Amino acid sequence: MSNSILEMRNITKTFPGVKALDDVTLTVERGEIHAICGENGAGKSTLMKVLSGVYPFGSYSGDIVYEDEVKKFSTIRDSEAEGIVIIHQELALSPHLSIAENIFLGNEIKTFGLIDWNKTNQEAASLIARVGLSEDPNTAIKDIGVGKQQLVEIAKALSKRVKLLILDEPTAALNDEDSAHLLDLLRHLKEQGITSIIISHKLNEIEAIADTTTIIRDGQTIESLRMKKDSVSQERIIKGMVGRDMASRYPTRNAEIGEEILRVENWTAYHPLDVSRLVVDDISMKVNRGEIVGLAGIMGAGRTEFARSLFGQSYGTNISGRVYKNGQEIKVKTIASAIKQGIAYATEDRKRYGLNLIEDVKRNISLASLKSFVRLGLVDGNKEFQKASEYRESMNIKAPSVLSVVGQLSGGNQQKVVLSKWINVNPDVLILDEPTRGIDVGAKYEIYLIIQRLAAEGKGVIVISSELPELIGICDRIYAIAEGRITGEVERKDASPELLMKYMTTEKGKN
């Protein structure tokens, strides 16, 4: 038996008009943590779908050699039967079923043809303890956080006697604490002989956990690096991913900041379901023309809740406070009124709230400003097409056509479509919630340039991000939020991760 558990030899996968994978070769050693890096659209997820049988044998060329045998998987069940389990970025859990029910969904424990609930709960308790959870197996998935849901997915994989675990962007939606716990779990699984493949854009995590990193660019294998042996740095990985050195991950900024464009005073909002729970607590802040202002805070600090409550009161109840634009008080009680007043909000969850994934690029860009395309009571399709084509060029949206379905684009290009949609309403203030979440360093740089361009046009831009280096790298000024309150305000020249973290962890009333 060879030391490798997996070899993918000369894998080529073609979609209509696009060669997604071009002669890709990959070798994974037994018991290692193997990272796969590449820009959005490079072919990483496609390669893993070939491996797991999502794209069945016959739909690609090349060989999958698993445990020294050529495999021809036709379905996911075929690969799972061999101990290959993939956990996708969008978790495949049923929110209203219990943890135990989700773990054994489709793989039920039965006695005499009926589900044995006692054994199911016992096995589930053992599995969730193995991944570090202490929840009752009867707890509904909707009642636990995203970090714990990710662990349930791993427990589900363990129930299938996994040998090769594939995780696609497993920490994209997790906070730092949950991410660290997940990485520790992968190390623990490695000690038990389980091999892992991890796809991630978080290079600090790759640097910390991976034994080997394979870089894929434009559907081709660029190289595989032994992390410790080759003393691989993040800069080295970036060069392989984008095909060039990136002397700076953040573009140079020469800000021309003007007069105040937006001021919020004493903004307060309560939870929409628990009306006694204060989630936005007396926030006051301002944004000037041409300024990029950051909002920093740990998960649950109230950043998104503040932004959404400000954007037409799309979140929260019992909302109070005042909003001034250009020195005049404005009313933003509905999304339509917020847009009319020149405020736009790009959500952190582009797939659920930002885009219609089954519609094309053209329609997604026009959605927030559809009235401007109406002629004689009907939407002018030619005008829509022309405007979308302009954005496709100016925003460098990599799609065969503006008639391409958005759900088929990479994450970075989907994000550009979201930004195009809101830029098209011509806002004076644009709130961007996690604008680079889940996209690669090359696409991030393009997003940063777009943000700078908006500021240069005299707009006020608010950026919410969980990545402190990103806020420091692109913002002129940063507010820190903790427990729904502003706890600190830092100019760019004074900003550091340590100072921001100090403010972000300040208890209410102690700033």
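The numbering scheme is per chain: residues are counted from 1 as the chain's sequence reads. Only residues with pLDDT of 70 or above have their local features reported here, since the model is predicted, and side-chain atom pairs are shown and tallied only from 80 upward, although totals for entire chains, interfaces and linings are computed over all residues. No hydrogens and no water enter the side-chain calculation; it runs on all heavy atoms of the structure.

A.B. asks: Tell me about the packing of aromatic side chains, and name the residues and values.
C.D. replies: Here the aromatic set is Phe, Tyr and Trp, taking the six-membered ring for Trp, and pairing holds for ring centres within 6.5 Å; pairs whose planes are under 30 degrees apart are stacked, those over 60 apart are edge-to-face, and all others are tilted. Counted according to the given criterion, the structure contains five aromatic pairs. Ring plane angle 70 degrees and centroid distance 5.5 Å describe the contact between Phe15 and Tyr55, whose orientation is recorded as edge-to-face. In this pair, Phe15 is assigned in strand E1 (residues 4-15) and Tyr55 in the loop between helix H1 (44-52) and strand E4 (61-66), connecting sequence segments 40 residues apart. Remark: exposure states derive from per-residue accessible area (1.4 Å probe, protein chains only) relative to the maximum for the residue type, with buried under 20%, exposed over 50%, and partly exposed in between. Using a relative accessible area of 29% as the deciding quantity, one classes Phe15 as partly exposed. On the basis of relative accessible area, Tyr55 is assigned to the buried category, the value being 19%. The helix and strand labels rest on DSSP assignments: H or I over at least four residues marks a helix, E over at least two residues marks a strand, and numbering proceeds from the N terminus.

A.B. asks: For the sheet that holds E1, give the residues involved together with the corresponding values.
C.D. replies: One key point about sheets: their strands pair by backbone hydrogen bonds, in either a parallel or an antiparallel sense. The pairing criterion for strands is at least two bridges between them, as found by DSSP. Read across the sheet, four strands follow the order E2-E1-E4-E5 without closing on themselves; strand pairing throughout is antiparallel. This sheet does not close on itself; its edge strands, each paired only once, are strand E2 (18-29) and strand E5 (69-71). Sheet twist, expressed as the mean angle between neighbouring strand axes with direction ignored, is 25 degrees. As paired strands, E4 and E5 are joined by three bridges and run antiparallel to one another. If you follow Val65 over to E5, its bridge partner there is Val70. Sheet strands touched by H1: E1, E2 and E4. Its angle to E1, the strand with the most contacts, is close to 115 degrees. Throughout, an axis means a line fitted to C-alpha atoms (over the contacting stretch in the case of helices), and angles, computed between N-to-C directions, take values from 0 to 180 degrees. Contacts are assigned to residue pairs with any non-hydrogen atoms lying within 4.5 Å of each other.

A.B. asks: For the pattern of salt bridges, give the residues involved together with the corresponding values.
C.D. replies: Between Lys or Arg on one side and Asp or Glu on the other, a salt bridge is scored when a side-chain nitrogen of the former is within 4 Å of a carboxyl oxygen of the latter. Scanning all chains against the criterion turns up 32 salt bridges. Between Lys142 and Asp143 there is a salt bridge, with its nearest N and O atoms 3.4 Å apart. Residue Lys142 is classed as partly exposed on the basis of its relative accessible area of 48%. We classify Asp143 as exposed; its relative accessible area is 53%. Each of the salt bridges in this network shares a partner with another, and the network as a whole consists of Arg30, Glu67 and Lys163.

A.B. asks: Describe in detail helix H15 (residues 441-456), supporting the description with residues and values.
C.D. replies: A rise of 1.5 Å per residue sets the reference length of H15, with its 16 residues, at 22 Å; its end C-alpha atoms lie 22 Å apart and thus fit the reference within 8%. Buried residues of H15: Val441, Gly442, Ala443, Lys444, Ile447, Tyr448, Ile450, Ile451, Gln452, Leu454 and Ala455, and no others. Phi turns positive one or two residues past the end of H15, at Gly458, with a value near 95 degrees. By definition here, a helix of n residues has an expected span of 1.5 Å times n minus one.

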